[in-house]
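Close look at the chain arrangement
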Amino acid sequence: MALRRALIIASLISLAVSPALLAQGKNAGPPSLTDAQRNAQVAILSVADTAMGGQSGPNDLSLAWAHDDLIRPAQQGQVLVPFVLNYDASKVAAGPLSVYWRVVSKDAPMAMPADGKKKDDKKGPQYSFEFLNEAMAGSGDPSITRSFGVAPGTYDVIVVVKEGALNAKPVKNAPAPKMAVVKQTLTIPNLWGDELQASSVLPLEKVSNLTAAIPAQERINRPYALGAAELVPFTKT
């Protein structure tokens, strides 16, 4: 991943980064799904598992990785990574989309304990980051912006988008919801090191003025919002 990052902008955004996006110390661990969420989203997680194993998955929405950036937040040793996905608006009906993203370290793969016994499965898999929420199709630009926080390293980022709301109940005789998965490998440098990290200016499509601060729970979806402005990166190909 080329270092085409905007550290000048990052220094401004650092004050606005929500701590919820970053690891909260070794005791808290990275963000992950609850048991209830995991049980309710078997189809989404199954597609993510397939992609994580190196196999191709569905792409009913023509989902594509469009853009990513690095932001140095106030919490030392962590890096915030906003990313943007594009999809084909003609292939999905207007309405809610379920969005799941998982970040898996390639530097420290999950290993079997020394005694050869599996750990307590009740706790679920432990990834560097995972989250699940909704986006809205048909509300404008056919793109999805999300973010995650991790330590420097190399990671596989797996994103699954599924037609319909998270709590949508199956409809008898209805076609299966459309789904799409994309997998991207990112190398996250140490932005806290002594060496200067080269970067270029973030290409912007526009800057929107905000009338109110973004709520903390929305920051994971809108990582380019800072203070009274929200940056919109240019992601068209």
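Residues numbered from 1 in each chain as written. Predicted model: local features only at pLDDT ≥ 70, side-chain atom pairs only at ≥ 80, totals over all residues. Heavy atoms only, no water.

1. Examining the overall build of the protein
Let me state the cut-off plainly: Segments assigned H or I by DSSP are reported as helices when at least four residues long, segments assigned E as strands when at least two residues long, and all are numbered from the N terminus. Classification of residues uses two cut-offs on accessible area relative to the type maximum, computed with a 1.4 Å probe and protein chains only: under 20% is buried, over 50% is exposed, and between them is partly exposed. Between two residues, a contact is recorded if the distance between any of their heavy atoms is within 4.5 Å. All accessible areas in this document rest on Shrake-Rupley with a 1.4 Å probe, and a residue is counted as covered only by the protein chains that are shown.
The secondary structure content of the protein amounts to 3 helices and 10 strands. In the protein, the succession of α and β elements from N to C terminus is α-α-α-β-β-β-β-β-β-β-β-β-β. A total of 237 residues make up the protein; the buried ones form 42% of that total. Here the contacts in the protein between residues at least 6 apart in sequence split such that 81% fall between residues at least 24 apart. Entry remark: accessible area of the protein is about 12800 Å², with carbon and sulfur atoms responsible for 55%.

2. Considerations on helix α3 (residues 42-52)
Spelled out, the test is: When we speak of the arc, we mean the arc of directions from the helix axis to the C-beta atoms.
Listed as buried for α3 are Ile44, Leu45, Val47, Ala48 and Ala51. Seen along its axis, α3 keeps its buried residues to an arc of 160°; they face one direction.

3. Digging into the confidence of the model for the protein
Inclusion rule: One number per residue, pLDDT, summarises how confident the predictor is, and it ranges from 0 to 100.
In the predicted model, the protein carries a mean pLDDT of 78, and the fraction of residues at 70 or more is 74%. A low-confidence stretch, residues 1-16 (pLDDT under 50), is modelled with 43 contacts involving residues beyond four sequence positions or located in other chains. Between residues 23-28, whose pLDDT stays under 50, and residues either more than four places distant or in other chains, the model counts 5 contacts.

4. Topic: the sheet that holds strand β8 (residues 204-209)
Strands belonging to one sheet form pairs held by backbone hydrogen bonds; the direction of such a pair is parallel or antiparallel. We apply this condition: Here, any two strands with at least 2 DSSP bridges between them count as paired.
If you trace the 3 strands from one edge of the open sheet to the other, you get β8-β10-β9, paired in antiparallel fashion. With partners counted over all chains shown, the strands left at the sheet margins are β8 and β9 (225-226), one partner each. Bridge count between β8 and strand β10 (residues 229-233): 5 bridges; the pairing is antiparallel. If you follow Leu204 over to β10, its bridge partner there is Pro233.

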